[in-house]
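Take a look at the letters that make up each chain.
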Amino acid sequence: MIATADYDLLTTAAGLVDRSARGKLVVRGAEAADFLQGQVTNDVERLSPGEGCYAAILTHKGKFRTDMRILRTDDGFWIDTEPIGLVPARWTVETYAIGRAVEHEDVTERMVILSLVGPAARDALDAAPPATEHAHVSGEHGRYVATHLGVDVICEADDAAGVRETLGVPEVDEAVAECLRIESGRPRLGYDMDGDTIPQEAGVNERAVDFEKGCYVGQETVARLHWRGKPNRHLRGLRLSEEVERGTELRLGEKPVGRVGSVSVSPLHGPIALALVRREAGPGDELAAGDEGATATVVDPPFVSG
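Bear in mind that the values here come from a model prediction, so they are computed numbers and not experimental data. (Residues numbered from 1 in each chain as written. Predicted model: local features only at pLDDT ≥ 70, side-chain atom pairs only at ≥ 80, totals over all residues. Heavy atoms only, no water.)

A.B. asks: What is the right way to look at the sheet that holds strand E6 (residues 103–106) in this model?
C.D. replies: What holds strands together in a sheet is hydrogen bonding between their backbones, with the strands either parallel or antiparallel. The antiparallel open sheet is built from 5 strands, whose spatial order is E3-E4-E5-E2-E6. Whereas interior strands pair on both sides, the edge strands pair on one side only; in this sheet they are strand E3 (52–58) and E6. This sheet shows a mean twist of 25° between the axes of neighbouring strands, independent of strand direction. Inspection of the sheet shows E3 paired to strand E4 (residues 64–73) by 7 bridges, in the antiparallel sense. Counterpart to leucine 58 in the pairing with E4 is phenylalanine 64. Across the sheet, helix H3 (residues 86–96) lies against strand E2 (23–28), E3, E4, strand E5 (76–81) and E6, angled at about 20° from E2, the strand it touches most. (Pairing = 2+ DSSP bridges. Helix = DSSP H or I, 4+ residues; strand = E, 2+ residues; numbered from the N terminus. Axes fitted to C-alpha atoms, helices over the stretch in contact; angles between N-to-C directions. Contact = heavy atoms within 4.5 Å.)

See the structure below:
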């Protein structure tokens, strides 16, 4: 159950969520931009220092190996991923950058990410990044990165305690921020998409894929589906009759059409979830959720009142 007071804090002021468990890599070298351009779905060569993007590394069949945030810095690139995405991200650099002017460093343990979530997130900072998502600036406490829900502060682990104290932003449980993520309709690797998911199915093409850039691993499948095909599944929102477990089977009539992904009980919307649902089940359809009588009404994310 989400604490209403914490939810109100994140929707009216700001709270701090520790996301230091994310995997973190730094990639440098004269050929770093060209190397990453051939591996990820988005256009990193167009980025200037202080800019960033969301991207993915795919299999040759166009399915997720990991997604990531990429920031261009003065001397290279910062990459952070879900914890489960660190191994494939690091393996990609270690395997395919051999013989190239590319260096990498795993800084997962050395660096922390403190997410300031809420409309007042910028008020705690000595310098604010541009409002564009992934834009970033250097400040007194580290690197400040604009997110869709606030600002991330990236700093040295040794400095984290002092940064927390100086910021003075109350810490909240990650589940509250997860509720806001679900409400906004953003899928999460390992929860709503996995190694069997194509970016278009997860609804992230607009954010993660550049269709004008050159070749990258998995491009053919992603481009063909975008221009000439229809995905078998779509990311949908679910308004639930009651809270159910992640992984609960969804059925349209007697036909299985998906499984529940991220789930939360929102103080504003009640029980909600995200799910990859087969295209036969569209917005407005009512699905059975499990075998205990729970139902799920399909909606297009993000969730809105009413």
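Structure's up, so let's keep going.
A.B. asks: When you look at the side chain of glutamate 82 in this model, what are you seeing that I'm missing?
C.D. replies: On the secondary structure map, glutamate 82 appears in the loop between E5 and H3. Here glutamate 82 falls in the buried class, since its relative accessible area comes to 10%. In this structure the side chain of glutamate 82 is engaged in a polar contact, spanning 2.9 Å, whose partner is the side chain of arginine 188. If near-sequence neighbours (up to four positions away) are discounted, glutamate 82 is found in contact with Arg22, Gly23, Asp67, Arg188 and Leu189. (Buried < 20%, exposed > 50% of the residue type's maximum accessible area, 1.4 Å probe, protein only. Polar contact = N/O pair within 3.5 Å; in protein donor to acceptor, adjacent residues only side chain to side chain.)

A.B. asks: Which parts of the structure should I look at to understand the sheet that holds strand E16 (residues 294–299)?
C.D. replies: Taken in spatial order, the 6 strands of this closed barrel run E11-E14-E13-E12-E15-E16, and their pairing is antiparallel. Across this sheet, the average inter-strand angle for adjacent strands is 40°, counted without regard to direction. Where helix H5 (residues 174–184) meets the sheet, its contacts fall on strand E13 (255–266) and strand E14 (270–278), and the angle it forms with E13 comes to roughly 135°.

A.B. asks: For this particular structure, what's the right way to read the pattern of salt bridges?
C.D. replies: Where side chains of opposite charge bring their charged atoms close, a pairing between them can arise. Applying the stated criterion across every chain, the model contains 26 salt bridges. Here arginine 28 and glutamate 105 are joined by a salt bridge, their closest N and O atoms 3.8 Å apart. Within this pair, whereas arginine 28 is found in strand E2, its partner glutamate 105 is found in strand E6, the two being separated by 77 residues in sequence. Residue arginine 28 is classed as partly exposed on the basis of its relative accessible area of 28%. With relative accessibility at 32%, the residue glutamate 105 sits in the partly exposed group. (Salt bridge = Lys/Arg side-chain N within 4 Å of Asp/Glu carboxyl O.)

A.B. asks: Please explain the pairing of strand E10 (residues 150–156) as it appears in this structure.
C.D. replies: Regular strands have side chains that alternate between both faces of the sheet. By the criterion of burial, E10 is predominantly enclosed, with 6 of the 7 residues buried. With 7 bridges joining them, strand E7 (residues 111–117) and E10 adopt antiparallel strand pairing. In the sheet register, leucine 114 faces E10, and the bridge partner there is valine 153. Sheet topology places strand E9 (residues 142–146) next to E10; 4 bridges connect them, and they run antiparallel. Directly across from tyrosine 144, in E10, lies its bridge partner valine 153. As consecutive antiparallel partners, E9 and E10 are separated by 3 residues.

A.B. asks: What is the right way to read the packing of helix H1 (residues 4–12) against H5 from this model?
C.D. replies: Between two packed helices, what matters for the description is the angle formed by their axes and the separation of those axes. Where H1 meets H5, the axes come as close as 9 Å, and the angle between the chain directions of the two elements is 60°. Our classification of the angle between H1 and H5 gives oblique. The handedness of the crossing between H1 and H5 is right-handed. On the side of H1, the interface is formed by Asp6, Tyr7, Leu10 and Thr11, while H5 contributes Val176, Ala177, Cys179, Leu180 and Glu183. Classifying every residue of the contact of H1 with H5 gives 6 nonpolar, 1 polar and 2 charged. (Parallel < 35°, antiparallel > 145°, perpendicular 65-115°, else oblique. Left-handed = near helix turned anticlockwise from the far one by under 90°. Nonpolar A, V, L, I, M, F, W, Y, C, P; charged D, E, K, R; others polar.)

Scope: geometric values only; no functional claims are made or implied.
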